[in-house]
Protein chains: 2
Amino acid sequence: MNYSRQREAIISVLKNTTSHPSAAWIYDRVRIQIPNISLGTVYRNLAALEKEGMIVKVPVGDACEHFDGDTTPHSHFYCKSCEAISDIPFDPSDALKTAEANHGFEVHSVTYTFTGICKECLKDKN
Amino acid sequence: MNYSRQREAIISVLKNTTSHPSAAWIYDRVRIQIPNISLGTVYRNLAALEKEGMIVKVPVGDACEHFDGDTTPHSHFYCKSCEAISDIPFDPSDALKTAEANHGFEVHSVTYTFTGICKECLKDKN
DNA sequence: GAGAAATCAGTAATCTTTACTAATTTTATT
DNA sequence: AATAAAATTAGTAAAGATTACTGATTTCTC
């Protein structure tokens, strides 16, 4: 993989947020530095980085894909109300070993997603 | 929610497969019974059934959404090679309790997705 | 059976993502 | 530093998934 300024900027955006952003959000951020970057470039690089294991996809079941620059073992919480994705320090790696041992799969990653209503949104309801 | 023949057919398709199908797949199946059903009807009913908790979304990070008629606690394995989604009898409900207790979220569901290469695809490689 | 509410079929529109192409940038080599 | 091959990009077009809309049909309640 050759160097590119665009890819560096995308990595930098992803490594400096905990918001698990979509491609569109990343595009908006990167455009501050590189105003004429193409949305296709963002998508292409996100796919390449995911393939290399440098970033992680976080599918939560809303309209679009989300990405995470933090590849250490942890879990996610998706709020159905405000649609935010937050981290939960829950290491799923034990389950990974169990799955490989019991089912014969070659497991590359485990995504553990909790869905519900977050603390802030619960507050707003009362 | 009023009765509709279309919704019954959709539920029936979902309850009689373990393949975690997409809306398009469900549409094709239901059309055998109801040839002029509309794709929009399938989407609308899937959303309504999911809201009611009668079915479950299974986001795996491919192009489209998948659905599961089995709402009992279990987990999923997504094969990156053949793109099949299979069940794993891994009950995530303990983790749910942990998340609620430690983080104050109101957790509605937990999605535990393993991603990798399934047994059959591993066989094909050799 | 009649009226109100819910649902539907069919179509159009929207949104996300991918594909394509000619131009630019990077890398390796001299 | 100049050069050629390979990788990457911007910009645009196309594809695919999902939602929105409208007038007609079906379901429910009385």
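As shown above, the structure is provided for reference.
Everything numeric here is computed off the predicted structure, so don't read it as measured data.

**Here we look at the interface of chain A and chain B**
At step 1: At the interface, 36 residues of chain A touch 36 residues of chain B.
At step 2: Together chain A and chain B conceal approximately 2900 Å² of surface at their shared face, both sides included; 61% is due to carbon and sulfur atoms.
At step 3: Taken together, the connections running from chain A to chain B amount to zero salt bridges.
At step 4: Inspection of the chain A/chain B interface yields 12 residue pairs in polar contact (both at pLDDT 80 or more).
At step 5: Elements with a contribution of two residues or more to the side of chain A that touches chain B: β4 (85-88), α4 (93-103), β5 (106-117) and α5 (119-125) of chain A.

**Examining the relation of the copies chain A and chain B**
At step 1: Mapping chain A onto chain B is achieved by rotating through 180 degrees and translating by 0.0 Å along the same axis, at an RMSD of 0.1 Å. Both chain copies can therefore be described as sitting about a two-fold axis. When C-alpha distances to the rotation axis are compared across chain A, the minimum falls at Tyr112 of chain A, with a value of 2.2 Å.
At step 2: The residues that chain A uses at the interface reappear at the interface of chain B in 100% of cases, marking a shared surface.

**Section: the pairing of β4 of chain A**
At step 1: Both strand β3 (residues 75-79) of chain A and β4 of chain A contribute to a ladder of four bridges, which runs antiparallel. Across the sheet, Phe77 of chain A pairs through a bridge with Ser86 of chain A, a residue of β4 of chain A.

**Re the pattern of salt bridges**
Opposite charge on two side chains permits them to pair, given that their charged atoms come into close proximity.
Residue and element names in this part refer to chain A.
At step 1: In total, this model carries two salt bridges over all chains according to the counting rule given.
At step 2: The residue Arg31 makes a salt bridge to Asp28 at a minimum N-O spacing of 3.0 Å. In this pair, Arg31 and Asp28 both sit in helix α2 (residues 23-33), three residues apart, roughly one turn of the helix.

**Section: helix α4 (residues 93-103) of chain B**
Residue and element names in this part refer to chain B.
At step 1: Among the residues of α4, Ala95, Leu96, Ala99 and His103 are the ones counted as buried. The buried residues of α4 occupy an angular sector of 105 degrees when the element is viewed end-on, so they sit on one face. Exposed and facing more than 90 degrees away from the buried side of α4 are Asp94, Lys97 and Ala101.
At step 2: Taken from the residues just after α4, Gly104 is the one with a positive phi, measuring 75 degrees.

**Some details on the protein's contact with DNA strand D**
At step 1: In the vicinity of DNA strand D there are 18 residues, among which Ser4, Gln6, Thr41 and Arg44 of chain A together with Tyr43 of chain B approach most closely.
At step 2: When atoms of DNA strand D within 4 Å of the protein are split into backbone and base, the sugar-phosphate part holds 87%.
At step 3: Asn2 of chain A is positioned such that a nitrogen or oxygen atom in its backbone is 2.9 Å from a phosphate oxygen of DNA strand D.
At step 4: Ser38 of chain A has a polar side-chain atom sitting 3.0 Å from a base nitrogen of DNA strand D.
At step 5: Breaking the surface near DNA strand D down by element, the ones donating at least two residues are α1 (5-15) and α3 (39-51) of chain A together with α3 (39-51) of chain B.
At step 6: When residues of the surface near DNA strand D are assigned to their parent elements, the largest contribution, three residues, is made by α3 of chain A.

Scoring rules and cut-offs
Residues numbered from 1 in each chain as written. Chains lettered and ligands numbered in written order. Predicted model: local features only at pLDDT ≥ 70, side-chain atom pairs only at ≥ 80, totals over all residues. Heavy atoms only, no water. Contact = heavy atoms within 4.5 Å. Buried area = accessible area lost by both parts, 1.4 Å probe. Salt bridge = Lys/Arg side-chain N within 4 Å of Asp/Glu carboxyl O. Polar contact = N/O pair within 3.5 Å; in protein donor to acceptor, adjacent residues only side chain to side chain. Helix = DSSP H or I, 4+ residues; strand = E, 2+ residues; numbered from the N terminus. Least-squares fit on C-alpha atoms with pLDDT ≥ 70 in both. Pairing = 2+ DSSP bridges. Buried < 20%, exposed > 50% of the residue type's maximum accessible area, 1.4 Å probe, protein only. Arc of directions from axis to C-beta. Near = heavy atom within 4 Å.

By themselves these figures say nothing about function.
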